[in-house]
Each structure stands twice: as structure tokens, then as C-alpha cells.
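Spelled out, the chains give:
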Amino acid sequence: AMGPIFADENERGAYAGFLLDGCLNEMESILNEDQQRRQQLQQQQQEDDFILSDHTSAEVVDLVTILSRLTTNFKVKTLSRLQQPAFPRYLTALATMGKWLLES
């Protein structure tokens with residue numbers, strides 16, 4: 001049977017918020033782990049940093065892809081209505097990811 005997936009905009013927004021929070025939590029976790037690894041490597045003066053960054057980059061690119069799909073599917077109009085701090089956190093994550101990807 002075909003028909004609307006969500007009963008109303010509130011349900012649609014709740015689903016978008018759930019997905020967004022999960023992605024942002026994972027992204028923050030990955031970036032924190034990467035930062036800790038970089039600090040450890042600098043302290044140990046090892047050259048394995050590139051291997052770790054390549055692995056982390058792949059995970060981050062996957063999450064950025066998911067976030068872009070969320071933006072496409074739910075539109076900024078829906079995402080901007082999410083409970084605080086979801087939307088500002090989302091915008092900060094996008095800016096951080098862009099900067100991180102450019103510097104990697």
C-alpha cells in the first residue's frame with residue numbers, strides 16, 4: 001500500500017531529530033577519538049598518523065553523506081523546527097566537518 005510515511009509534520013520532525021542526534025553523536029565520538037589519537041601520536045612521535053586519519057576520514061565522509069541526505073529528505077524547514085540544540089548543533093557539525101575535511 002502506498003501513502004504518506006508520516007501522519008503529520010510533528011512525526012516527521014521527531015524521526016528527523018532521532019536520526020540527526022544519532023549521526024551527530026557518532027560524528028562527535030569519531031572526532032574526539034581522532035583528536036586523542038593525534039595527541040598520543042604526537043607524544044609518542046610515531047608516523048602512523050596517516051593510517052589513522054585515512055580510517056577516520058572514511059567514517060566522517062560516510063556520516064557527512066548521511067547528514068546531507070537528511071538535509072535533502074527533511075529540508076532545512078523541518079530540521080530548523082527541531083528542539084534545541086539539535087539544529088544549531090547540526091549547523092556547527094557541518095561547519096566543523098567542512099573545516100576538518102579541508103585540513104585533512
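Refer to the preceding data block for the structure.
Residues numbered from 1 in each chain as written. Predicted model: local features only at pLDDT ≥ 70, side-chain atom pairs only at ≥ 80, totals over all residues. Heavy atoms only, no water.

Trainee: I'd like to hear about the packing of aromatic side chains, residue by residue, with values.
Mentor: Here the structure, examined in full by the defined rule, presents 4 aromatic pairs. Through a chain of ring-to-ring contacts, three or more aromatic side chains come together here, namely F6, Y15 and F74. (Phe/Tyr/Trp six-rings, centres within 6.5 Å; stacked < 30°, edge-to-face > 60°.)

Trainee: Before we move on, could you go through the pattern of salt bridges and cite the residues and values that matter?
Mentor: The final tally for this structure, using the stated rule, is 2 salt bridges. Salt-bridge contacts for R89 lead to D21; the nearest nitrogen and oxygen are separated by 3.6 Å. One end of the pair, R89, is in helix α3 (residues 86–103); the other, D21, is in helix α1 (residues 9–44), with 68 residues separating them in the sequence. One salt bridge in this structure joins E28 and R89, with 3.1 Å as the shortest N-O distance. Here E28, found in helix α1, pairs with R89, found in helix α3; they are 61 residues apart in sequence, far enough to count as distant. Look at E28 and you get partly exposed, because its relative accessible area is 38%. What emerges from the salt-bridge pattern is a single network uniting D21, E28 and R89. (Salt bridge = Lys/Arg side-chain N within 4 Å of Asp/Glu carboxyl O. Helix = DSSP H or I, 4+ residues; strand = E, 2+ residues; numbered from the N terminus. Buried < 20%, exposed > 50% of the residue type's maximum accessible area, 1.4 Å probe, protein only.)

Trainee: Requested: an account of the packing of α1 against α3, with residues and values cited.
Mentor: Packing of α1 against α3 brings their axes to within 11 Å, and their N-to-C directions diverge by 40°. When the axis of α1 is compared with that of α3, the two are oblique. Our pair here, α1 against α3, has a crossing hand that is left-handed. Contacts between α1 and α3 involve L20, D21, L24, N25, M27, E28, L31 and D34 from the former and A86, R89, Y90, A93, T96, M97 and W100 from the latter. (Axes fitted to C-alpha atoms, helices over the stretch in contact; angles between N-to-C directions. Parallel < 35°, antiparallel > 145°, perpendicular 65-115°, else oblique. Left-handed = near helix turned anticlockwise from the far one by under 90°. Contact = heavy atoms within 4.5 Å.)

Nothing here speaks to function; it is geometry throughout.
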